[in-house]
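Okay, here's what each chain looks like letter by letter:
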Amino acid sequence: MSETTEMPRRVMLVDDHPMWLEALGADLTEHGFEIVATAGTGEEALRRARAARPEVIVMDLQIPGPDGATCTELLLKEFPGLHVLVISASGERDDVLRAVKAGARGYLVKSASPEELLDGVRRTALGDAVFTPGLAGLVLGEFRRMVTRAEEHNDQGPVLTTREVEVLRLVAKGLAYREIAESLFVSHRTVQNHVQNVLRKLQLHNRVELALYAIERGIHHDD
Amino acid sequence: MMDVPEIFRGYALVRVTALVYVLAVDAVRLPSVAHPAVLVAVMLAVSAWTAFTLWSYASPARRRTWVLVLDLVATLVLVALSPWVLGPGSEQSVVPLWTASAPMALALWRDWSWGVLAAVLVSVVDLAAMTSTEVANWGGKLGFVLLTGGLGYLVAALRRSTCERERITASAAAMAERARLSRLVHDGVLQVLALVERDAPSFGPRGLLMATAARQQEVELRRLLQSDHGEDDIDVTVADLAAVLDRHASASVTISTPAGRVLVDNEVAAELDQAVSEVLTNVARHAGPGAKAWVLLEREGEDVVVSVRDNGVGGQLEDFEDAHRRGRFGVRHSIRSRVSDLGGVATLRTAPGRGVEWEFRIPGGRAQ
């Protein structure tokens, strides 16, 4: 891959399971990544990320406080350029959604194969979105919720194009990007861009919603 | 006995107000009484005694029986001495109204019946000491007795319900903590299973078996954990379709749903559940070895849409359309009729080598 020379390689792993850390760490090192830090709790993750300045974080959602979703929120606020890949064993939907809305680039389940995980980390490092069918279903549902909420406020909600909805539904139904590209007669890159745009809109609208919420609650200063 | 601080606060307010009233009344009639010096001493003593009793009653540990009894005895003595202190013709005792404090304390912190007994005692001594034969006074005394009893009774009921509420809150907190601990334990198990699934295949064929077994156990455990949620549902006419469909998750079936719950009529949930499980049975039987399936649940406005797609061998659409004649896809008919019974539409798409995809769309109204 020609782009690999450009690819960020400094990775931090956050997980409270030493065995898991070791296994994933070994896999990633073998494929040219550098593990600059590991953390077993949210507190360690926050402290060590500030010290080691990783470019990519692989974040387990179920860690001792603060939880993975909260850490993702805090770290991305502090380091907006960070690429976060969220991993979870128990697939807790609300937490996954929260982390992704805060700016995580993607989500994988822990039982994904080593190849899938490696590929996920690689794509995250390159700034691509990593979507499982489960995450696509969550994001679709979330957009519909946000549109309904915006309509209640006589407001223009976040709008997905017909194409974006189409792509997202195909991802949710388990089609690979290659298959989606074939069935829609577009390039693989175009599919990737659609998914990326959806994620960007979700994150953007999340910030708008947070601001609206703050205004509704009468909090006017921005901190 | 459980302590409800509000009861003491209310009591203290009544007792202090009564004291102020006593001091005012006695101050006004001080020049005209038989023994003014004694009345002044009574006013001081009553103030001090009130302060002491309130200090005692403020905390459950200091609410000793001897204080309560002494409080009542003091009241009786003051009432009995009243005619002598005030002189002939006085209508009220030296401590009007304040006489209610001791019986009230007994009703609140011992039992309503003790309160009633004390109130009767105070009233009788009052009437006897005043040597009043005025029958009109009796009504007031009776009212006082009844009020004391009623108050004690109400407070006992309040205390019982507060006690019950605290017990429920405590057990809810204990249950939440238990749920949190079991989540931690289960998460640990899930992590180990995931690790086995991940690394075991590199140990050869036996490792592959281990990985498959771990995967099955992971799915089972996750299903168990998910079915744990939502059991606190009170409304039994609706069901969370997301949770219902989640039960179909397995090593070869992925379920995607929105976050949160998707509430629909029970009947809708049950029929869609059946339709999905029939489709998945077909996938397992006819889609070919290693075929996977994906179930997507969406809510589009009022509509509920469920799609089931597999990546199996697929086939000619016409073959599927008249499959029920050959009996091979006998369930196809029941899939369609289940969905149309709900007022919905079932759409089937397939092509050779391209898997099969069903879409069930149930219009709003039936969905909540």
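Keep in mind the model is a prediction, meaning the values are calculated, not measured.

Caption draft 1: Broad picture of the sheet that holds strand 4 (residues 83–88) of chain A. All names here are of chain A. Spatially, five strands are ordered 2-1-3-4-5 in an open sheet, and the strand pairing comes out parallel. On the outer flanks of this sheet lie strand 2 (34–39) and strand 5 (106–109), each paired with one strand and no other. The mean angle between the axes of side-by-side strands here comes to 20°, regardless of whether they run parallel or antiparallel. In this structure, strand 4 lies alongside strand 5, joined through four bridges in parallel fashion. The residue bridging Leu85 from the neighbouring strand is Gly106, located in strand 5. Sheet strands in contact with helix 1 (residues 18–30) are strand 1 (10–14), strand 2 and strand 3 (56–60), and its direction is about 165° off that of strand 1. Across the face of the sheet, helix 5 (residues 114–125) comes into contact with strand 3, strand 4 and strand 5 while running at roughly 155° to strand 4.

Caption draft 2: Representation of the sheet that holds strand 2 (residues 253–256) of chain B in the model. Taken in spatial order, the five strands line up as 2-4-5-7-6 (chain B) in an open sheet, and their pairing is mixed. Both edges of this open sheet fall to strand 2 and strand 6 (345–350) of chain B, since each of them pairs with a single strand only. This sheet shows a mean twist of 15° between the axes of neighbouring strands, independent of strand direction. With four bridges joining them, strand 2 of chain B and strand 4 (residues 293–300) of chain B adopt parallel strand pairing. Bridge pairing in strand 4 of chain B links Thr254(B) to Trp294(B). Helix 6 (residues 133–152) of chain A rests against strand 2 and strand 4 of chain B of the sheet, and its axis sits at about 5° to strand 4 of chain B.

Caption draft 3: Molecular detail of the nonpolar core. Ranked by internal contacts, the top residues of the largest apolar core, which has 52 residues, are Ile57(A), Phe131(A) and Ile180(A). Among the elements that take part in this core, helix 6 of chain A stands out by supplying seven residues, more than any other. Built from parts of two domains, this core gets at least three residues from each of domain 1 (2–130) and domain 2 (135–216) of chain A. Judged by nonpolar contacts, the second largest core, of 35 residues, contains Leu245(B), Ile255(B), Leu272(B) and Val276(B).

Calculation notes
- The residue count restarts for each chain, going from 1 along the sequence in the order it is written.
- Chains and ligands are labelled sequentially in the order written, the chains with letters from A and the ligands with numbers from 1.
- Per-residue local features of the predicted model are confined to residues with pLDDT of at least 70, and side-chain atom pairs are confined, for both listing and counting, to 80 or more; whole-chain, interface and lining totals are unaffected and use all residues.
- To get the side-chain values, take all heavy atoms of the structure and skip hydrogens and water.
- Pairing between two strands requires that DSSP report at least two bridges joining them.
- A run of H or I in DSSP becomes a helix once it reaches four residues, and a run of E becomes a strand once it reaches two; helices and strands are each numbered from the N terminus.
- Fitting a line to C-alpha atoms yields each axis, with helices limited to the stretch in contact; the angle taken between N-to-C directions then spans 0 to 180 degrees.
- Note on contacts: a residue pair qualifies if any of its non-hydrogen atoms lie within 4.5 Å across the two residues.
- What is meant by a nonpolar core is a set of buried Ala, Val, Leu, Ile, Met, Phe, Trp, Tyr and Cys residues, joined one to another through side-chain atoms within 4.5 Å.
- Using a 1.4 Å probe on the protein chains alone, a residue whose accessible area is under 20% of its type maximum counts as buried, one over 50% counts as exposed, and one in between counts as partly exposed.
- Residue ranges for the domains trace back to a domain assignment, done automatically or taken from a database.

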